[in-house]
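As a plain string of letters, each chain reads:
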Amino acid sequence: MIELEGVPELIDPVMVAAFEGWNDAGDAASTAVAHLDREWKGEVFAALDAEDYYDFQVNRPTVWLDGGVRKITWPTTRLSVVRVGGEKPRDLVLVRGIEPSMRWRSFCNELLGFAHELGVELVVILGALLGDTPHTRPVPISGTTSDPDLAQRMDLEETKYEGPTGIVGILQEACTHAGVPAVSLWAAVPHYVSQPPNPKATLALLNRLEDLIDVRIPLGELAEDARAWQVGVDQLAAEDSEVAEYVQTLEEARDTAELPEASGEAIAREFERYLRRRDGGQPGQPGGHATADGSDSTAYLRDSPGGGRTRPPRPPKPEPETGAEAETETDRDTDAGTGPGTGPDDGDAPSEE
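Residues numbered from 1 in each chain as written. Predicted model: local features only at pLDDT ≥ 70, side-chain atom pairs only at ≥ 80, totals over all residues. Heavy atoms only, no water.

Novice: Tell me about the overall build of the chain, and please be specific about residues and values.
Specialist: Of the regular secondary structure elements, the chain holds 10 helices and 10 strands. Buried residues in the chain amount to 50% of all 353 residues. If you sum the accessible surface of the chain, you get close to 16,900 Å²; carbon and sulfur atoms cover 49% of it. (Helix = DSSP H or I, 4+ residues; strand = E, 2+ residues; numbered from the N terminus. Buried < 20%, exposed > 50% of the residue type's maximum accessible area, 1.4 Å probe, protein only. Areas by Shrake-Rupley, 256 points an atom, 1.4 Å probe, with all protein chains shown as cover.)

Printed below as a string of structure tokens:
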């Protein structure tokens, strides 16, 4: 039995979790939870025992000085709680840590124990994967769940993903078996510029979370950081004609595939968000990252050891129909819920999602 001392009775609590590692391309997901914790001044009330779940040769502890006294910070997963004010206040239980090295089932059971004790009504797990998406377009966000009823009620995709998975997929599956409603939100990060940070993907995840749980999230300087990030990538791409041509190919495929969606729900959603903010906002590492096909990948624009820059493969120029069809498949996989472009299955995959 988990006993929580000093944690008040929570109001309509939602657990929001993100884990560094394979499910966190560009550190987009873990940065999103860190942002929530910082903006709402979260108070840590629990931390999992690092020795139970981490290989310290993979995730090493760090030593630091505190007034001349040496201290050690161990890699772990911490839980904090924040209260979101407004006409309809509610509490968020924030879970931020590192994908465990071992004993994943025990890890998930321990988190579910906290969720049960705190009366959590919904678990939202954030992830980011590498995908064939251009940095110049809105970041694709897919929302998936293993619960058919929840998928219909919250306008989500029912995950059908099959393949390698990470802790995001495992935790979602554990929630499903425990009868706890769970949703995974995945941001697709451009595979050719996957090194962190990626404030544009973080911003997209927070906007989708805001819609999902009906709260207004203070964004601080994220919007400005996202614009600066895109300008920086634009400049890098302009220095290499092959990269610029590749990005253009991705843009054409994306625009063709999404043309029918350029109006309707997407525009209405953005307009509602704009009005909500204008009116003051009523609540209403090591090893690469998940990709659309479940494999590992590294950034193409990252400098190589030799000082050069690895270029993305130059894809064949697709016919309009082919490009649209290919992009649709990528979007479908991403919606499926997993990593960078694949849909997560009820076990979300790292590609997962």
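Now, onward.
Novice: Give a detailed account of the packing of helix 1 (residues 28-39) against helix 6 (residues 199-213), specifying residues and quantitative values.
Specialist: Their axes nearest at 8 Å, the elements helix 1 and helix 6 cross at an angle of 60°. In this view, helix 1 runs oblique relative to helix 6, as classed from their interaxial angle. Both helix 1 and helix 6 take part in a crossing whose hand is right-handed. From helix 1, Ala 28, Ala 29, Thr 31, Ala 32, His 35 and Leu 36 reach across to helix 6, where they touch Ala 201, Thr 202, Leu 205, Leu 206 and Leu 209. Tallied by class, the residues present in the contact of helix 1 with helix 6 amount to 8 nonpolar, 3 polar and no charged. (Axes fitted to C-alpha atoms, helices over the stretch in contact; angles between N-to-C directions. Parallel < 35°, antiparallel > 145°, perpendicular 65-115°, else oblique. Left-handed = near helix turned anticlockwise from the far one by under 90°. Contact = heavy atoms within 4.5 Å. Nonpolar A, V, L, I, M, F, W, Y, C, P; charged D, E, K, R; others polar.)

Novice: Quick rundown of the nonpolar core? Include the residues and the values.
Specialist: Counting 41 residues, the largest nonpolar core has Val 124, Leu 126 and Ile 213 as the members making the most contacts within it. When residues of this core are assigned to their parent elements, the largest contribution, 8 residues, is made by helix 6. Ranked by size, the runner-up nonpolar core spans 37 residues in total, among them Ile 98, Phe 114, Leu 129 and Leu 171. (Core = buried A, V, L, I, M, F, W, Y, C linked by side-chain atoms within 4.5 Å.)

Novice: Outline a nonpolar patch on the surface, listing residues and values.
Specialist: Taken together, the side chains of Val 63, Ile 72 and Trp 74 make up a nonpolar region of the molecular surface, amounting to roughly 290 Å² of accessible area. The topology assignment puts Trp 74 in the loop between strand 4 (69-73) and strand 5 (78-84). (Patch = residues over 30% accessible without salt bridge, like charges linked within 9 Å, V, L, I, M, F, W, Y side chains within 5 Å. Salt bridge = Lys/Arg side-chain N within 4 Å of Asp/Glu carboxyl O.)

Novice: Got a sec to walk through unusual backbone geometry? Specific residues and values, please.
Specialist: Cis geometry is adopted by the peptide bond preceding Pro 197, which originates at Pro 196 and carries an omega value of 0°. Within the fold, Pro 197 resides in the loop between strand 10 (182-190) and helix 6. At Asp 12, a position not held by glycine, the phi torsion is positive, near 40°. With respect to the secondary-structure elements, Asp 12 resides in the segment before strand 1 (14-20). With phi around 55°, Asp 155 is a residue other than glycine that occupies positive phi space. Structurally, Asp 155 can be placed in the loop between helix 4 (148-153) and strand 9 (157-158). Owing to a relative accessible area of 52%, Asp 155 belongs among the exposed residues under this scheme.

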